[in-house]
Structures are given as structure tokens and as C-alpha cells.
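In case you want the letters, here they are:
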Amino acid sequence: MKKIGAVFSVIAAVALIAFIAWDAVFNESASKSFFAMDTVISAQITGRNAEDILSETEKCVSELDSSLSRHDPDSEISLLNRNSGGMLSDRLGGYFRILLDVSKKSGGTFDFTLGAVSDLWSFGSSPKLPDEAELKKALSESGYEKASLSGNSLVIGGGVIDFGAVGKGIALDEIRDILEKNNVGEAVISVGGSVLLYGNKTAKVGIRSPFGDSGSSIATLSLSDVCISTSGSYERKFEENGKAYHHIINPETGYPVENGLVSVTVISDSGILSDALSTACFVLGKEKGIALAEEYGCDAVFIDENKNITVTEGIHGLVEVTDSSYSLVAYEK
Ligand code: AMP
Ligand code: MG
């Protein structure tokens, strides 16, 4: 009897060790930060082979960076810009269909052909006020309505394609494909102002202070399994003669948007949509921006220069203001 008891004890011990080892393999957690797409990318992954998946994630983002950058002469986007269009891969064709749709639905306030206009502001290097005549010329040559897509054949029609407003969101979508393929349990990926919360676990995401004191957050959103993108006038800016200029352009004037907003956050299942809509809603302003976000079934947070935080109905109750100098305004139609 004693012998049988001892055998059972050994089996139980072996089973316990096997379980712990098995659990450790499945719940391996790893994190990494690296620089790409002109920003810092942080990835935290829980699941089997987390380290390998992190490496695959880094490779994916750097390849995407080389293919979408309009400043890299060898990129897919530069090739399209040089040839005023061309045949697209299915993947790129899908992205252009979304960009055209957001451009149309936003009444052209979102416009992915403003590359030459943005270049005149030199936000990526040494920002300056552009020459008035050059700005007018670049603006008249650009315009999403001059571009067309037939199947996967793109004609640009004058403007210069710029994925600056959507590259980070696209990165989230492509990273999510990697996580799904590898059966990852949970992950948090942040690519500059865009965050992917992957998995069912609810996490609190901070909304950055829009007044330059970087690092601090002024509110949190409790969410799971979504993409969250923020566009802010604080991100790329400069001052000349006491006036501030930032990188989000009003396509009607070629000048930075001035509508009282300082930051817009959009929440969507899709990374490219959250990123495109955060830029589009910033340009559209609060009322029209909320209508556009809701047309796409997305929620949004608008912060204005008077420190009012306006949120769409779908996320009432999920926002917690952590800086008491801000007021939460429940949006009513
Ligand atoms: P985001 O930070 O996602 O709002 O993207 C801002 C970037 O999008 C800018 O740095 C420009 O490259 C580009 N951009 C600026 N204005 C617009 C606009 N009205 N529509 C589309 N892209 C824009
Ligand atoms: Mg954007």
C-alpha cells in the first residue's frame, strides 16, 4: 500500500513539474523597444515563443518603413510618386481603397496626396514657414480627387502620396496578423501615437498631455482588443514670430489646422482606420469629426485648447480623467 502511495506521489510530482514547465512555455513574456518609422516602438508579448515573435515584429515594421516612406527613394511609395501611379500589390491596393474612402467621406479634409505641401514645411528636418507661391503651387497640384484606383491600378494625378497619417496604424494591423498567426495570448504594441491592445485582457491606455509636457497622461481609457491612435498638434511643431505651427494641414489652405483642437484619439478594430480617422477628425473639428468617427462605427476623444475632453457615446464610462485641470464633457447630439 505504502509503495502504491509512493508511486502516486512521484506521478503527482512529475505531473506538477510538467504543468509548471508547460505553463512557463505558454506564458513566456517578453518585451522590446526599437526605433523605426521616425518613432519609438515598444512591444510586449505574452505567449509561446514570445522572443521569436518580437523579432518577427521588428522585421515587419522595418520592412514596412522601407516600403511606405516617401523619403526613401527605393520605397514602393517613392516609385509610385515618380511614375504618377502604377500597379499595386493586393496589400497596398487595400490600403489605398481605405485612404480614398476616408478622403471622400471626410470631404477631402483628409488627403493622402499632400506630400509636396508637407515637404515645404520641412517638419521632418528643420521646420520653417513655406514660400507663399510655392505653397499655392504644391496645393493646386495635389488633391485626392485627382487620384483614382481601378482594380489595383493607381493613377495619382498630380499630388505626392504621403502615408505619414497612416503608416503607424498600418504597422499595428500587420503586427496583429503576426500575433494571430502565432496564436499569441496577449500583447501591447505601441508605435508612436498608435497602440494595439491585443487579447481579451482590459488595459488602461493613457492619453498624452497635449501641451508638451511629454510623458504625462491626462486621462485613461479602459479597453481591450482594439487599436487606439492619437493625432496631436504637439507632435511636430515650431514657433515663428510668436505664432505656433504644427504638422496637421488644412488641405484648403496648406496651413496648419486652427480649430481649437489640440488632440484627437480614435478607437477602432482597424489600425489604419484609427490612424486615418484621428488625422481626419482633427482637421474636421469636433462636431463633424464625431459624425465621421461614428459613420465608421468608431469612438473618439477630442481635447480642445480650453482643456475640455469630449468623448463619443460608446466610451462614456470608460474614460477616467487623471489631471484635474481638464473637464470631461459628455457629447450630446
Ligand atoms: P498623424 O500624426 O497621424 O495625425 O499624421 C500627421 C501626418 O499626416 C503629417 O505629419 C503629414 O505627414 C500627414 N498629413 C498632414 N495633414 C494631413 C491631412 N490633412 N490629411 C492627410 N495627411 C495629412
Ligand atoms: Mg493619423
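From a predicted model like this one, the values you see are computed outputs, not experimental measurements.

## Section: the domain arrangement of the protein
So, step 1. In terms of domains, the protein is made up of domain 1 (76–156) and domain 2 (202–330).
So, step 2. Computed over C-alpha atoms only, the centres of domain 1 and domain 2 are separated by 23 Å.
So, step 3. The interface is formed by 23 residues belonging to domain 1 together with 25 residues belonging to domain 2.
So, step 4. Taking both sides of the interface into account, the surface hidden between domain 1 and domain 2 amounts to around 2000 Å²; carbon and sulfur atoms contribute 75%.
So, step 5. The interface formed by domain 1 and domain 2 holds four residue pairs in polar contact (both at pLDDT 80 or more) in total.
So, step 6. Only helix H4 (90–105), helix H5 (115–121) and helix H6 (132–141) provide two or more residues apiece to the side of domain 1 that touches domain 2.
So, step 7. Ranked by the residues each element gives to the side of domain 1 that touches domain 2, the list is headed by H4, at six residues.
So, step 8. Its residues placed into classes, the side of domain 1 that touches domain 2 shows 13 nonpolar, five polar and five charged.

## Quick look at the site of ligand 1
So, step 1. By nearness alone, 17 residues border ligand 1, and Asp 162, Ser 231, His 247, Ile 249 and Thr 279 come closest of all.
So, step 2. Between ligand 1 and Ala 165 there is a distance of 3.3 Å, counted from an oxygen atom to a backbone nitrogen or oxygen.
So, step 3. Measuring from an oxygen atom of ligand 1, one finds a side-chain N or O atom of Asp 275 at 3.1 Å.
So, step 4. The element best represented in the shell around ligand 1 is helix H8 (residues 271–284), accounting for three residues.
So, step 5. When residues of the shell around ligand 1 are assigned to domains, at least three map to each of domain 1 (76–156) and domain 2 (202–330).

How each quantity is defined
- Residues numbered from 1 in each chain as written.
- Chains lettered and ligands numbered in written order.
- Predicted model: local features only at pLDDT ≥ 70, side-chain atom pairs only at ≥ 80, totals over all residues.
- Heavy atoms only, no water.
- Domains from an automatic or database assignment.
- Contact = heavy atoms within 4.5 Å.
- Buried area = accessible area lost by both parts, 1.4 Å probe.
- Polar contact = N/O pair within 3.5 Å; in protein donor to acceptor, adjacent residues only side chain to side chain.
- Helix = DSSP H or I, 4+ residues; strand = E, 2+ residues; numbered from the N terminus.
- Nonpolar A, V, L, I, M, F, W, Y, C, P; charged D, E, K, R; others polar.
- Near = heavy atom within 4 Å.

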